[in-house]
Amino acid sequence: MADKQFTYSDVSEHTGKKDLYLVIHDKVYNSSSFIDEHPHQRQTGWEELYGGEEVLLDVGGQDATEAFEDVGHSDEAREILEGLLIGTLKRQEGDPPAHGAPSSSSATSTAPKSGSEATGLGIGVYALILVGGALAFGAYQYLQAGQQQKA
């Protein structure tokens, strides 16, 4: 059954509580049987719960990859997801781009960096903080020395 291919148009027709398809990483899942069991979680600092069926209904019939990954689901949740697998997404011209994947027109500017390119900004920030701290310490020492000479 997981060998079946669905178009984005096919998936978009399944948005109801009793008929709910989701796309995650170009795999199609029928989450209809799980919608009532999807857990709520308490948001830190908030009084209300989030999650549950509302989250699934919000992304029903569309690519839910970003929403699924942003939450940081457990290994157990990923195992449950595999049990809901019904097929793969067959992307066609005109379909929305995959979440997390750059569109073809912006592939060069938004593509994720790898290796040293990805860490360049992080190291630069640390270097800037280190140099700033050294300059502040030097200025402090200079001013302290000037005050001691006047006294």
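Residues numbered from 1 in each chain as written. Predicted model: local features only at pLDDT ≥ 70, side-chain atom pairs only at ≥ 80, totals over all residues. Heavy atoms only, no water.

**Section: the overall build of the protein**
The line we're drawing: The helix count covers DSSP runs of H or I at least four residues long, the strand count covers runs of E at least two residues long, and both are numbered beginning at the N terminus. Exposure categories follow from relative accessible area, calculated using a 1.4 Å probe and restricted to protein chains: below 20% of the type maximum is buried, above 50% is exposed, and the middle band is partly exposed. Using a 1.4 Å probe, the Shrake-Rupley method yields the accessible areas, and only the shown protein chains count as cover for residues.
Within the protein, the regular secondary structure consists of 6 helices and 7 strands. Beginning at the N terminus, the succession of helices and strands in the protein can be written as β-α-β-β-β-β-β-α-α-α-β-α-α. For the protein, the residues scored as buried account for 23% of the 151 residues in total. Counting only carbon and sulfur atoms, one obtains 55% of the accessible surface of the protein, whose full area is about 10900 Å².

**What about the environment of Gly-83?**
The residue Gly-83 is located in helix H4 (residues 75-83) in this model. The exposure class assigned to Gly-83 is exposed, which follows from its relative accessible area of 64%. On a C-alpha basis, the gap between Gly-83 and Tyr-29 in space is 8.5 Å, while along the polypeptide they are 54 residues apart.

**A few points about a nonpolar patch on the surface**
Cut-off, in case you're wondering: Within this analysis, patches are made of residues with over 30% relative accessible area and no salt bridge. Like charges are joined at 9 Å or less; nonpolar side chains (Val, Leu, Ile, Met, Phe, Trp, Tyr) at 5 Å or less. Criterion for a salt bridge: a side-chain nitrogen of Lys or Arg within 4 Å of a carboxyl oxygen of Asp or Glu.
Together, Val-125, Tyr-126 and Ile-129 make up an exposed nonpolar region whose accessible area comes to about 350 Å². Along the chain, the position of Ile-129 falls in helix H6 (residues 116-150). Overall, the relative accessible area of 56% leaves Ile-129 in the exposed class.

**Section: the pattern of salt bridges**
For the structure shown, the criterion picks out 3 salt bridges. A salt bridge links Arg-91 to Asp-26; the shortest N-O distance between them is 2.9 Å. Taken together, the residues span a long stretch of sequence, with Arg-91 in the loop between strand S7 (85-89) and helix H5 (107-110) and Asp-26 in the loop between strand S3 (19-24) and strand S4 (27-30) at a distance of 65 residues. Residue Arg-78 pairs with Glu-69 through a salt bridge whose shortest N-O separation is 2.8 Å. For Arg-78, a relative accessible area of 30% gives the class partly exposed. Each of the salt bridges in this network shares a partner with another, and the network as a whole consists of Asp-26, Asp-63 and Arg-91.

**Examining the UniProt feature "transmembrane region" (unreviewed entry) in the protein**
For the record, the criterion: UniProt positions are given in the numbering used here, feature names are shortened, and annotations may be inferred rather than shown by experiment.
The sites that UniProt annotates as "transmembrane region" (unreviewed entry) are residues 123-143. Across residues 123-143, helical content stands at 100% and strand content at 0%; the span's end C-alpha atoms are separated by 30 Å.

**Considerations on the nonpolar core**
As a reminder of what qualifies: Remark: nonpolar core denotes a set of buried residues (Ala, Val, Leu, Ile, Met, Phe, Trp, Tyr, Cys) joined through side-chain atoms within 4.5 Å. By definition, residues are in contact when any of their heavy atoms lie within 4.5 Å.
Residues Leu-20, Leu-22, Ile-24, Tyr-29, Phe-34, Ile-35, Leu-56, Val-59, Ala-64, Phe-68, Leu-81 and Leu-84 constitute the largest nonpolar core, which totals 12 residues. Taken together, the elements giving at least two residues each to this core come down to S3 and helix H2 (52-59). In terms of residue count, S3 provides more of this core than any other element does, 3 residues in total. Setting aside anything within four residues of it in sequence, one finds Tyr-29 in contact with Leu-20, Tyr-21, Leu-22, Ile-24, Leu-81, Glu-82, Leu-84, Leu-85 and Ile-86. Formed by 8 residues, the second largest nonpolar core is a distinct cluster that contains Phe-6, Tyr-8, Val-28 and Leu-89.

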